[in-house]
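Below, each chain spelled out in residue letters.
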Amino acid sequence: MSKLKSLLHRTPLLARATLISESRRILTNGDLSPLRPWQTTSLRFLDFYQLGNKEAIEKERARLKDEMSRGYFADLSELKQHGGKIALANKILIPAAVAVKFPSLEVNYSDGRTVKLPFGSEANGLQSTLLCLSFRASSQRMIDSWIMPFLDRFKESGNIQLYEVCFVDSWFLSLNPIKRLLLRVMNKSSRVDSKDGLRRQVVYAFGDHYDFRKQLRILNLLTGYVFLLDKFGRIRWLGFGTATEAEISSLLSCTSLLVEEK
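Residues numbered from 1 in each chain as written. Predicted model: local features only at pLDDT ≥ 70, side-chain atom pairs only at ≥ 80, totals over all residues. Heavy atoms only, no water.

## Structural notes on helix α9 (residues 245-260)
For α9, built from 16 residues, the straight-helix expectation of 22 Å at 1.5 Å per residue is met to within 8% by its first-to-last C-alpha distance of 23 Å. Buried within α9 are the following residues: Glu247, Ile248, Ser250, Leu251, Leu252, Cys254, Thr255, Ser256 and Leu258. On its buried face, α9 sits against β3 (128-134), α6 (140-154), β4 (160-168), β6 (224-230) and β7 (235-240). (Helix = DSSP H or I, 4+ residues; strand = E, 2+ residues; numbered from the N terminus. Expected span 1.5 Å × (residues − 1). Buried < 20%, exposed > 50% of the residue type's maximum accessible area, 1.4 Å probe, protein only. Contact = heavy atoms within 4.5 Å.)

Laid out in structure tokens, this is it:
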């Protein structure tokens with residue numbers, strides 16, 4: 001607590017107000033990423049080093065136009081229409097010949113460690129990785145609907161890994177002192193799973209992820225996204241929103257096939 005008070009005293013008034021507001025909201029709602037993309041975009045556009053860079057300015061204008069054409073209410077409208085199920089999950093594995101690689105993503109564990117996903121799993125004997133992406137707290141139950149059956153089925157497996165990635169796109173929460181403070185809070189409240197077999201590993205991705213989302217064609221930030229990768233980091237299966245029984249069956253069978261794949 002004394003460290004937090006010291007941090008507040010050294011922080012400008014506006015930033016202190018933002019920190020207090022963000023902290024209260026996190027503790028109350030558990031939502032780690034409340035700000036919409038254009039809130040970070042406007043700040044990035046004011047970066048001084050970009051003012052003389054015409055290419056960067058044009059790119060930022062295109063980004064502004066793209067993100068302002070689709071806002072929170074568009075996401076919310078879709079969520080009310082289909083509950084986050086923007087598409088049905090694959091029924092079979094995507095053939096390796098046409099599968100695309102999952103884009104590299106830097107994430108933080110709650111203990112401060114930084115890694116890049118996906119790992120080169122072929123080197124350490126891992127055959128498959130399930131990556132679950134959550135951009136807002138509204139998608140947490142959706143992600144759980146995929147993770148719980150997956151854990152139950154493969155809990156004894158040593159060649160499968162499971163990651164839940166929570167995105168924090170707030171520019172303020174991504175500042176290094178605030179990020180370290182937030183990770184420390186999350187580390188104290190995180191549960192410790194068994195080290196044997198498959199574990200649910202929760203990691204956090206801070207900062208702007210517009211280009212990452214564009215590569216995966218992610219538009220709605222209120223729903224959950226699930227990607228099954230092979231040992232080479234290629235996307236072989238994907239699902240959205242809340243899992244159905246048929247989709248869970250498909251995920252489990254496709255994972256078993258990947259584990260046996262040579």
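## Some points on the pairing of strand β1 (residues 105-108)
Across four bridges, β1 lies against strand β2 (residues 114-117) in antiparallel orientation. By the bridge assignment, Glu106 is partnered in β2 with Lys116. Counted between consecutive antiparallel strands, the loop separating β1 from β2 contains five residues, among which Gly112 sits at a positive phi close to 100°. (Pairing = 2+ DSSP bridges.)

## A short note on the pattern of salt bridges
All told, the structure shown has eight salt bridges when counted by the stated rule. For Glu247, the salt bridge goes to Lys85, with nearest N and O atoms at 2.6 Å. On the criterion of sequence distance, the pair formed by Glu247 in helix α9 and Lys85 in the loop between α5 (72-82) and β1 is long-range, its members being 162 residues apart. We classify Glu247 as buried; its relative accessible area is 6%. Residues joined in a network through salt bridges with shared partners are Asp230, Arg234, Arg236 and Glu261. (Salt bridge = Lys/Arg side-chain N within 4 Å of Asp/Glu carboxyl O.)

## Quick look at the nonpolar core
Core analysis: the biggest nonpolar cluster contains 26 residues, and Phe102, Val107, Leu133, Val165, Phe167, Leu216 and Phe227 have the highest contact counts within it. Elements supplying a minimum of two residues to this core: β1, β2, β3, β4, β5 (200-206), α8 (210-216), β6 and β7. Those residues in contact with Phe102, other than ones at most four positions away along the chain, are Pro118, Leu131, Leu133, Phe212, Leu216, Phe227, Leu229, Gly233 and Ile235. Among the nonpolar cores identified, the runner-up in size contains 22 residues, and Leu130, Ile143, Val226 and Leu252 belong to it. (Core = buried A, V, L, I, M, F, W, Y, C linked by side-chain atoms within 4.5 Å.)

## With respect to the packing of α6 against α9
Axis separation between α6 and α9 bottoms out at 10 Å; the angle between their running directions is 45°. Taken together, α6 and α9 sit at an angle that is classed as oblique. Classified by chirality, the crossing of α9 by α6 is right-handed. Where α6 abuts α9, its residues Ser145, Trp146, Pro149, Phe150, Arg153 and Phe154 lie against Glu247, Ile248, Leu251, Leu252, Thr255 and Ser256. Its residues assigned to classes, the contact of α6 with α9 comprises seven nonpolar, three polar and two charged. (Axes fitted to C-alpha atoms, helices over the stretch in contact; angles between N-to-C directions. Parallel < 35°, antiparallel > 145°, perpendicular 65-115°, else oblique. Left-handed = near helix turned anticlockwise from the far one by under 90°. Nonpolar A, V, L, I, M, F, W, Y, C, P; charged D, E, K, R; others polar.)

## Concerning the packing of aromatic side chains
Each pair of aromatic rings is reported with the distance of its centres and the angle of its planes. Inspection of the entire model under this criterion finds nine aromatic pairs. A centroid spacing of 5.7 Å and a plane angle of 65° characterise the contact between Phe102 and Phe212, whose relative ring orientation is edge-to-face. In this pair, Phe102 sits in the loop between α5 and β1 while Phe212 sits in helix α8, placing the two residues 110 residues apart along the sequence. With relative accessibility at 4%, the residue Phe102 sits in the buried group. (Phe/Tyr/Trp six-rings, centres within 6.5 Å; stacked < 30°, edge-to-face > 60°.)

## Considering unusual backbone geometry
Trans peptide bonds make up the majority, and among non-glycine residues the majority have a negative phi. Between Leu117 and the following residue, Pro118, the backbone shows a cis peptide bond with an omega angle of -5°. Along the chain, Pro118 turns up in the loop between β2 and β3. Of note, the phi angle at Arg217 is positive, near 60°, even though the residue is not glycine. Checked against the element boundaries, Arg217 lands in the loop between α8 and β6. Judged by its relative accessible area of 76%, Arg217 is exposed.

## Topic: the environment of Asp169
Residue placement: Asp169 occurs in the loop between β4 and α7 (176-189). Residue Asp169 is classed as buried on the basis of its relative accessible area of 10%. Between the C-alpha atoms of Asp169 and Tyr210, which are 41 residues apart in sequence, the distance is 9.5 Å. In this structure the side chain of Asp169 is engaged in a polar contact, spanning 3.3 Å, whose partner is the side chain of Arg136. (Polar contact = N/O pair within 3.5 Å; in protein donor to acceptor, adjacent residues only side chain to side chain.)

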